[in-house]
Amino acid sequence: MWRLRRAAVACEVCQSLVKHSSGIKGSLPLQKLHLVSRSIYHSHHPTLKLQRPQLRTSFQQFSSLTNLPLRKLKFSPIKYGYQPRRNFWPARLATRLLKLRYLILGSAVGGGYTAKKTFDQWKDMIPDLSEYKWIVPDIVWEIDEYIDFGHKLVSEVIGASDLLLLLGSPGETAFRATDHGSESDKHFRKGLLGELILLQQQIQEHEEEARRAAGQYSTSYAQQKRKVSDKEKIDQLQEELLHTQLKYQRILERLEKENKELRKLVLQKDDKGIHHRKLKKSLIDMYSEVLDVLSDYDASYNTQDHLPRVVVVGDQSAGKTSVLEMIAQARIFPRGSGEMMTRSPVKVTLSEGPHHVALFKDSSREFDLTKEEDLAALRHEIELRMRKNVKEGCTVSPETISLNVKGPGLQRMVLVDLPGVINTVTSGMAPDTKETIFSISKAYMQNPNAIILCIQDGSVDAERSIVTDLVSQMDPHGRRTIFVLTKVDLAEKNVASPSRIQQIIEGKLFPMKALGYFAVVTGKGNSSESIEAIREYEEEFFQNSKLLKTSMLKAHQVTTRNLSLAVSDCFWKMVRESVEQQADSFKATRFNLETEWKNNYPRLRELDRNELFEKAKNEILDEVISLSQVTPKHWEEILQQSLWERVSTHVIENIYLPAAQTMNSGTFNTTVDIKLKQWTDKQLPNKAVEVAWETLQEEFARFMTEPKGKEHDDIFDKLKEAVKEESIKRHKWNDFAEDSLRVIQHNALEDRSISDKQQWDAAIYFMEEALQARLKDTENAIENMVGPDWKKRWLYWKNRTQEQCVHNETKNELEKMLKCNEEHPAYLASDEITTVRKNLESRGVEVDPSLIKDTWHQVYRRHFLKTALNHCNLCRRGFYYYQRHFVDSELECNDVVLFWRIQRMLAITANTLRQQLTNTEVRRLEKNVKEVLEDFAEDSEKKIKLLTGKRVQLAEDLKKVREIQEKLDAFIEALHQEK
């Protein structure tokens, strides 16, 4: 009975749905429908051959991410001849319609939930940019306010059709919960799945009861019409479902595309924002750059650096560095127990930034101050730079080290940590250390706009302080001084009367005056303590200190945090009051410099030292390139001439003269061959390379120093000379050149075959020139030995010395001997020397045997050269005999052949050296010149030394003043914008 009753209920539901389906037209072929669409038809339809799929949960079966094939829906004509099956169409149709609305419900709800979950996943993929909110535009963070993807999806899906008409109360509840977001995702999903499973079970029960009840009824022709009407409504619903799924798919694709574009936009904005942040400097960085430029500017024209900065002064080991580290929130300075660690001023520029880092002005390396290894490296680098600045024989240096520190919460200001003031020079220090520290401190404190941060050690007696007297001299009214008492924890323990600390803080104990007084604690004396630990200890100490409890100290006068705030406020107040006045003074200085330049150098551009160096560099490189354009003929001529000048003495004295003393041509040639071979193996290649290298230097120097007419600028002369000397010093000739040259020279000297008369005449001409040059040198030597002759004595009133008279008498005696024997050998025998000496003594001239030998050498040399020249003239017609090897001829011209061999060797050697010069050495020299110029470009001291003069200095000053003025104007503009 209960089954019949449930079947009847199912039939009523089906009838009600059929009534609502009237008026819907359309037809769909069952074969072209998707498996989901075909599931609403009867499994025994004659056109359906596929088996009915097993039931699954609607959430899984109709997921929004399922790629459904969208096809055109069309029905096949219905066959009416199968009566038993037609009787069950109303019941089956009702069950399918009941199932369809829940399927649509599950598809929409599941699709909306899946889309929301997908969007959340995409949103989670975007990196968390909350820390970089200063980079990303505000519009990116307002995406959730303008675009609500979950709500949009649901509204799109619901508004696409009239599905709400088909939904029951459970479906409406589910959608309402989704729309308003009253439940969490987890509970929402659990409730949705449970409800869908329950609906699926109810549908299965109705379907089974409808099948049983349908067997008891028979349908008429009217029922067949109603069935066709129901099919049309089903077709319309199926088409609407497909359109909804298609629209939902398009919405999903559009959202996915928008998500990709938004992500790309965020990343691009992030990159651009970071790049723009690097280019846009902060206000304190701009101010620090102005101070850096001013530190390099040699003040003249009464324009001095009066820009504000905080000058930290104090006695040695008073805690200056510790206070500065607490303000910078990092242990950045080298530390030592009682010894002097600050050996040169350190300018620290504090600025606010997202990361706690430090970097030097002249370096791009960033030190991460949150890492201990980077802190140790930074301290070591500062110590190295200090030792580098200190010159030999000194203890401290006035040269400033510039350091930038950035970090979150840092107060923007510029501080200068100076060496501690000492009272006594200890062993190991330079004698003038005390005076040097005083002069450095005074140089910084005498700036009328400098804020003096006077550090006093509270753990020692106040009477031992030196720095307070110095500060009182520089700022007697205390208008720009801030007094800081350090180590208050030790002072509270050691001082018998706490009121003494109160007197110090109130400014009643010291004669100096100050804007404010502060008491700080900078740790327990342990160098390994962190800044956080020191700060906690400081705050804990003052919270429990009797000084505060008894109102001896005020709350705003304690802790380094309050100190840094007060110093920063005072610093910026001083900057705003003085920076425009400083800018006006530099404008006046610029006008004076420009006027002086126009009056002195009206037709010259204002080139500073670096620009002049670049101009000189281009000129030098052009001159080196012109060196490679020297003609081969010019190279060979100067090489051959220079080489002969270098070896001519050896050829004549050690080869030709000894060989000429022989009795016959065979001995002459043998002697010549032996000596030439020895000369080639040992000396000749090296001499040739030396000559080539000297020739290259001479040509290079000629191109570097020869005037260029009106374009010549003598301001470059020192630089060119230095480049030339350094390039030549670095240049080394190829080591293999001598070996290859030795072989070539040896082969050239072995050749004795003179091919034509022209070469013969050229050899004779070369021999005559060589002998005449030697004869001239010999005549000059004899003239210097014996003094002027009678013509010069009568015309120029010159007289001979006693030694010259002795040489003259000896020369006359030796000439008589040669006239008697013109074929006398080159050396005097001992008996001949005795004869000459006795003959001179008989005339009253006392001579020494060595003087006779020296005089004989010159006299015989002149006699031999004259004889050789006469023989050379006879050999002009000797080429015919040479071709016949001097057979049947008394004329022998072996000396001409020797000079031809020497001449040919010189020509071949000059050609070989020229090739090596033009192909290799000139290029290597050009490379050396470029390297020297690059080294000089990086050495500022070298440029200052080589490029000097009033013109250079005036251009440098003008450039610096313009740079300072431009930076000051930019800083003032930014300062006004910040106001």
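Just so it is clear, the structure is predicted and the values come from calculations on it, not from any experiment.

*Asks:* What is the right way to look at the nonpolar core in this model?
*Replies:* The nonpolar side chains of a soluble globular protein tend to be buried, and buried together. Ranked by size, the top nonpolar core spans 101 residues in total, and within it Trp644, Tyr656, Trp679, Trp760 and Ile902 carry the most contacts. Take this core: its biggest share by element is 17 residues, from helix 34 (residues 894-938). Not counting the four nearest positions on each side in its chain, Ile902 is found in contact with Trp644, Val651, Leu676, Trp679, Leu749 and Phe766. Counting residues in hydrophobic clusters, the runner-up holds 67 residues, among them Leu291, Phe367, Val405 and Leu410.

*Asks:* I would appreciate a short explanation of the packing of aromatic side chains in the present structure.
*Replies:* Each aromatic ring pair is specified by the distance between its two centres and by the angle formed by the two planes. Tallied over the entire structure, the rule returns 14 aromatic pairs. Ring centres of Tyr287 and Phe971 lie 5.1 Å apart, and the angle between their planes is 45°; this geometry places the pair in the tilted category. Of this pair, Tyr287 sits in helix 12 (residues 283-296) while Phe971 sits in helix 36 (residues 950-978), and the two are 684 residues apart along the sequence. Classification of Tyr287 as buried rests on a relative accessible area of 0%. Between Tyr656 and Phe899 the ring centres are 5.4 Å apart and the planes differ by 70°, which places this aromatic pair in the edge-to-face class.

*Asks:* Explain the UniProt feature "coiled-coil region" (unreviewed entry) in the protein chain to me, please; I cannot follow it from the model alone.
*Replies:* Sequence positions flagged by UniProt for "coiled-coil region" (unreviewed entry) are, in local numbering, residues 189-272 and 915-942. For residues 915-942, helix accounts for 96% and strand for 0%, while the C-alpha atoms at its two ends are 36 Å apart.

*Asks:* Which parts of the structure should I look at to understand unusual backbone geometry?
*Replies:* Peptide bonds are mostly trans, and most non-glycine residues show a negative phi. For Gln329, which is not a glycine, the phi torsion comes out positive at approximately 60°. The topology assignment puts Gln329 in the loop between helix 13 (320-328) and strand 2 (346-352).

*Asks:* Explain the sheet that holds strand 9 (residues 516-519) here, please?
*Replies:* Strands pair in a sheet through their backbones, by hydrogen bonds, and they do so in one of two ways: parallel or antiparallel. The mixed open sheet is built from nine strands, whose spatial order is 4-3-5-2-6-1-7-8-9. Both edges of this open sheet fall to strand 4 (367-368) and strand 9, since each of them pairs with a single strand only. On the sheet, helix 13 packs against strand 1 (310-314), strand 2, strand 5 (401-407), strand 6 (413-417), strand 7 (451-457) and strand 8 (481-486) and is oriented at approximately 160° with respect to strand 6.

*Asks:* I keep staring at a negative patch on the surface and nothing clicks. Help me out?
*Replies:* On the surface, a cluster of negative charge is contributed by Glu399, Glu931, Glu934, Glu938, Asp939 and Glu941. The greatest single-element share of the negative patch, amounting to three residues, is contributed by helix 34. For Glu941, the location among the structural elements is in helix 35 (residues 940-946).

*Asks:* Mind showing me how you'd approach helix 15 (residues 433-445) here?
*Replies:* Each α-helix winds once per 3.6 residues, and so residues spaced three or four apart point in a common direction. In this model, helix 15 (13 residues) spans 18 Å end to end at C-alpha, consistent with the 18 Å of a helix rising 1.5 Å per residue. Within helix 15, the full set of buried residues consists of Thr433, Thr436, Ile437, Phe438, Ile440, Ser441, Tyr444 and Met445. Turning to helix 15, the residues buried within the fold contact strand 1, strand 6, strand 7 and helix 16 (467-474).

*Asks:* Looking at this structure, I do not really get the environment of Thr671. What am I missing?
*Replies:* For Thr671, the location among the structural elements is in helix 24 (residues 665-682). Through-space distance from the C-alpha of Thr671 to that of Ala660 is 9.2 Å; in sequence the pair is eleven residues apart. With residues near it in sequence (within four places) discarded, Thr671 still touches Ala659 and Thr662.

*Asks:* Explain the pairing of strand 6 to me, please; I cannot follow it from the model alone.
*Replies:* Successive residues of a regular strand alternate their side chains across the two faces of the sheet. By the criterion of burial, strand 6 is predominantly enclosed, with five of the five residues buried. Residue alternation in strand 6 divides its side chains into two sets, Met413, Leu415 and Asp417 and Val414 and Val416, and both sets are buried. In the sheet, strand 1 pairs with strand 6 via three bridges, with the strands oriented parallel. The residue bridging Val312 from the neighbouring strand is Asp417, located in strand 6. Across five bridges, the pairing between strand 2 and strand 6 is antiparallel. Among the inter-strand pairings, Val348 is bridged to a residue of strand 6, identified as Leu415.

*Asks:* How should I be thinking about the pattern of salt bridges in this particular structure?
*Replies:* Close approach of charged atoms lets side chains of opposite charge pair. According to the stated counting rule, one finds 43 salt bridges in the structure shown. Between Arg924 and Glu921 there is a salt bridge; the shortest N-O distance is 3.2 Å. Highlighted residues: Arg924 and Glu921, both in helix 34, separated by three residues, approximately one helical turn. Lys930 is paired through a salt bridge with Glu926; the nearest N and O atoms lie 3.9 Å apart. Residue Lys930 and its partner Glu926 are located together in helix 34, separated by four residues, close to a single helical turn. It is possible to trace a salt-bridge network through shared partners that takes in Arg590, Glu594, Glu606 and Arg962.

*Asks:* Looking at this model, I keep getting lost on the packing of helix 22 (residues 609-627) against helix 26 (residues 717-730). Mind explaining?
*Replies:* Close contact between helix 22 and helix 26 brings their axes to 11 Å; oriented N to C, the two are set at 50°. With respect to helix 26, the axis of helix 22 lies oblique. With respect to the hand of their crossing, helix 22 and helix 26 are arranged in right-handed fashion. Contacts from Phe613, Ala616, Glu619, Ile620 and Glu623 of helix 22 reach helix 26 at Leu719, Lys720 and Val723.

Conventions we followed
Residues numbered from 1 in each chain as written. Predicted model: local features only at pLDDT ≥ 70, side-chain atom pairs only at ≥ 80, totals over all residues. Heavy atoms only, no water. Core = buried A, V, L, I, M, F, W, Y, C linked by side-chain atoms within 4.5 Å. Buried < 20%, exposed > 50% of the residue type's maximum accessible area, 1.4 Å probe, protein only. Helix = DSSP H or I, 4+ residues; strand = E, 2+ residues; numbered from the N terminus. Contact = heavy atoms within 4.5 Å. Phe/Tyr/Trp six-rings, centres within 6.5 Å; stacked < 30°, edge-to-face > 60°. UniProt positions renumbered as here; feature names shortened; annotations may be inferred. Pairing = 2+ DSSP bridges. Axes fitted to C-alpha atoms, helices over the stretch in contact; angles between N-to-C directions. Patch = residues over 30% accessible without salt bridge, like charges linked within 9 Å, V, L, I, M, F, W, Y side chains within 5 Å. Areas by Shrake-Rupley, 256 points an atom, 1.4 Å probe, with all protein chains shown as cover. Salt bridge = Lys/Arg side-chain N within 4 Å of Asp/Glu carboxyl O. Lys, Arg positive; Asp, Glu negative; His and termini not counted. Charge placed at Lys NZ, Arg CZ, Asp CG, Glu CD. Expected span 1.5 Å × (residues − 1). Parallel < 35°, antiparallel > 145°, perpendicular 65-115°, else oblique. Left-handed = near helix turned anticlockwise from the far one by under 90°.

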